[in-house]
Amino acid sequence: MAETKERTFRFLILGGGIAGVTCVEQLSAQIPSADVALITAGSHIKAVTNYKQVSKTLEEFDVEERPSSDLEEKFPNLVVIHSAVKSLNTKSHSVETADGRVFGYERLCICSGGRPKLLTQDHPYVLGIRDTDSAQEFQKRLSKAKRIVVVGNGGIALELVFEVEGCEVIWAVKDKAIGNTFFDAGAAQFFIPSLETDKPDRSVPCKRTRYTTEEPAPGAAHTFTAERNSRRPGSSSTKQGSALGPDWHEGIVLKGTEQLSRRVSLEYQCEVERIFTPEELLHSPQQELNDEQEGSWPVYIKLTNGKTFGCDFVVSATGVVPNTEPFLHGNNFALADDGGLRVDDQMMTSEPDVYAAGDVCTACWEHSLLWQQMRLWTQARQMGWYAGRCMASHVLSEPIELDFCFELFSHITKFFNYKVVLLGKFNGQGLGPDQELLVRCTKGLEYVKVILSGGRMVGAVLIGETDLEETFENLILNQMDLTPYGEELLNPNIDIEDYFD
Ligand SMILES: Cc1cc2nc3c(=O)[nH]c(=O)nc-3n(C[C@H](O)[C@H](O)[C@H](O)COP(=O)(O)OP(=O)(O)OC[C@H]3O[C@@H](n4cnc5c(N)ncnc54)[C@H](O)[C@@H]3O)c2cc1C
Ligand SMILES: NC(=O)c1ccc[n+]([C@@H]2O[C@H](COP(=O)([O-])OP(=O)(O)OC[C@H]3O[C@@H](n4cnc5c(N)ncnc54)[C@H](O)[C@@H]3O)[C@@H](O)[C@H]2O)c1
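What you see is a predicted model, and the numbers here were worked out from it, not measured in a lab.

Peer 1: Where do I start with the confidence of the model for the protein in this structure?
Peer 2: Detailed reading of the predicted coordinates is not advisable wherever pLDDT falls low. When pLDDT is averaged along the protein, the result is 87; 87% of the residues meet or exceed 70. The low-confidence segment residues 198–215 (pLDDT under 50) makes 37 contacts with residues lying over four places distant or belonging to another chain.

Take a look at the structure:
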């Protein structure tokens, strides 16, 4: 790396996503006289808008793409540099950008996010979705498509299979139930009818203290078709070009060429064995196709359940990998198993004066019993904000303790047009056999699951307008012994808020 530094900043932040921008805002607000620089590869920055603290730990906000001048106008000591960082020298405390400039720092925070962990790199018919550009590419390809295959069972797959219309979707999941990163088989069963229609089937609330679900057999498949006119009002909006935000798919039309609303065929418990071109398929006579149009698709995908499907393209919704590459060479960063930069409870990496926040880092402090890391906007914002506070406190030699937001995992989102609230160990993560589940389910309306350990509430999944989030959050935080209440806890005829007043 050339050693002549163009300028040295007291605080240098890499990445204009939620984590980086929130870190800049926090630092600039806490030490207004400090010179702060934000280096980002993109032309725009991400901004949190309409922030709402819903309860002690639950928060909701929108994410917008904004010109970086907005941020510079707000903070006169901030400089935004639009260029990708290509290398980092932690010994000389400097970074070099793609256009050959070198900037020094006293303290650095890496917020470079993640990128899709694709099934296969650089395949012309395998797409990932991350940012506005990739979402637009997906939309463009979809508009000419009759059939796509979606691989993966997390947030993006759940959103896509519900939103895509006018195109057959083959959805290949590794697991026995849909949505494994967010909920269990019981909740998955609650959602399944939404793939056929989104008109709620309202029935009388029923309470169950244990749940049993019929799991699909390995290799099982199921097709769900929605009526053309069963889409929710307003969902066919043609509003264009809004930035990827929590409702990124609301602003773009996700429509294929066919005259059908939603047609999703689920392939359970399978992975991708091979992706073929038509030529390769012709030379593999043993391949058994699952449709009559042999040879007429641009790409074919063979699953481990033995089925091969032709399609227009494949969406790889198979998670993210942290963007660490430019920073590793010549430095000595400790990496976590998931490839993230390990950070301690002060958001510091293993390199001196280097912090990290958001999707690029892995939280390696001793977690609270009720918190886990997931790569989400909420956590990117919380980490960026807390990293900014840590950097400022270290400069001012003030002690700082891990923030309260890392006490309890909480996430509000929307799947299949239902509000979803996840609290604590919502899937009994790491609890082993010492857990009891209480479930209340009203088909088409709500699904409430509570996880108890030693009589105390340690997690909850709330689907629908349950209005229970604040009360349950309090019960999880105060760790009250709920044994005396037993199944009454989910009795729909009891106003639980009054009960615990
Ligand atoms: C389609 C989709 C839907 C999602 N929906 C939700 C949701 O509903 N709710 C939720 O909580 N989360 C959601 N997420 C997850 C959420 O987007 C991420 O967890 C969050 O954006 C991470 O923020 P970040 O700031 O760490 O990284 P990013 O937003 O990825 O930002 C990284 C920044 O770093 C810059 N950068 C990268 N490399 C360099 C470099 N070498 N030099 C300089 N700059 C660099 C990039 O240009 C970018 O500005 C979704 C993700 C996707 C892809
Ligand atoms: N509403 C929300 O909160 C929301 C919505 C969309 C995305 N996100 C976030 O955005 C990020 C990206 O979303 P995502 O859906 O790609 O990731 P994800 O981590 O949510 O899900 C990845 C899925 O891919 C599966 N998978 C991994 N490797 C596979 C393979 N080789 N073959 C088949 N399946 C495989 C996993 O089992 C998992 O189901 C995540 O951090 C996610 O939490 C959140």
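Peer 1: Sorry if this is basic, but what is going on with the site of ligand 2 here?
Peer 2: Surveying the vicinity of ligand 2 reveals 22 residues, the closest of which are N153, G154, G155, I156 and R375. There are two domains that each give the shell around ligand 2 at least three residues, and those are domain 1 (7–115 + 320–406) and domain 2 (126–316).

Peer 1: Can you walk me through the UniProt feature "domain: FAD/NAD(P)-binding" (unreviewed entry) in the protein in this structure?
Peer 2: The feature "domain: FAD/NAD(P)-binding" (unreviewed entry), as given by UniProt, occupies residues 10–162 and 299–384 in the numbering adopted here. End C-alpha atoms of residues 299–384 are separated by 41 Å, and the span's content is 14% helix alongside 29% strand.

Peer 1: Quick question: what am I supposed to make of the packing of helix α1 (residues 18–30) against helix α8 (residues 377–395) here?
Peer 2: A pair of packed helices is characterised by two quantities: the angle between their axes and the separation of those axes. Viewed as axis vectors pointing N to C, α1 and α8 meet at an angle of 35°, and their least axial separation amounts to 7 Å. Both α1 and α8 take part in a crossing whose hand is right-handed. Taken together, the residues of α8 that come into contact with α1 (itself represented by I18, A19, G20, T22, C23, Q26, L27 and Q30) are W377, A380, R381, M383, G384, W385, A387, G388, R389, M391 and A392.

Peer 1: Could you clarify how one ought to interpret helix α3 (residues 132–142) in this entry?
Peer 2: Working note: α-helix, 3.6 residues per turn, so residues spaced by three or four point in the same direction. Residues of α3 that are buried: A135, F138 and L142. The arc that holds the buried residues of α3, viewed along the axis, is 60°, so those residues lie on one side. Seen from the buried face of α3, the exposed residues on the opposite side, beyond 90 degrees, are D133 and K140. Buried-residue contacts for α3 involve β10 (126–127) and β11 (147–151).

Peer 1: Looking at this model, I keep getting lost on the nonpolar core. Mind explaining?
Peer 2: Across soluble globular proteins, nonpolar side chains have a tendency to be buried as a group. If you look at the biggest cluster of nonpolar residues, it comprises 83 residues, and the most contacted ones within it are I148, V149, V150, V161, W171, C311 and V314. Among the domains, domain 2 (126–316) and domain 3 (410–499) are the pair contributing at least three residues each to this core. Apart from residues no more than four positions distant in its own chain, I148 is found in contact with L142, C167, V169, C311, D312, F313 and V315.

Peer 1: Hey, could you run me through the site of ligand 1 in this one?
Peer 2: In the vicinity of ligand 1 lie 35 residues, with G15, G17, G113, G358 and L376 positioned nearest. Elements that contribute at least two residues to the shell around ligand 1 include exactly α1, β2 (36–40), α4 (155–163) and α8. Its residues assigned to classes, the shell around ligand 1 shows 17 nonpolar, 14 polar and four charged. Looking at which domains feed residues into the shell around ligand 1, each of domain 1 (7–115 + 320–406) and domain 2 (126–316) supplies at least three.

Conventions and cut-offs
- Residues numbered from 1 in each chain as written.
- Chains lettered and ligands numbered in written order.
- Predicted model: local features only at pLDDT ≥ 70, side-chain atom pairs only at ≥ 80, totals over all residues.
- pLDDT = per-residue confidence, 0-100.
- Contact = placed C-beta atoms within 7 Å.
- Near = placed C-beta within 6 Å.
- Domains from an automatic or database assignment.
- UniProt positions renumbered as here; feature names shortened; annotations may be inferred.
- Helix = DSSP H or I, 4+ residues; strand = E, 2+ residues; numbered from the N terminus.
- Axes fitted to C-alpha atoms, helices over the stretch in contact; angles between N-to-C directions.
- Left-handed = near helix turned anticlockwise from the far one by under 90°.
- Buried ≥ 20, exposed ≤ 12 C-beta atoms within 10 Å, placed from the backbone.
- Arc of directions from axis to C-beta.
- Core = buried A, V, L, I, M, F, W, Y, C linked by C-beta atoms within 7 Å.
- Nonpolar A, V, L, I, M, F, W, Y, C, P; charged D, E, K, R; others polar.

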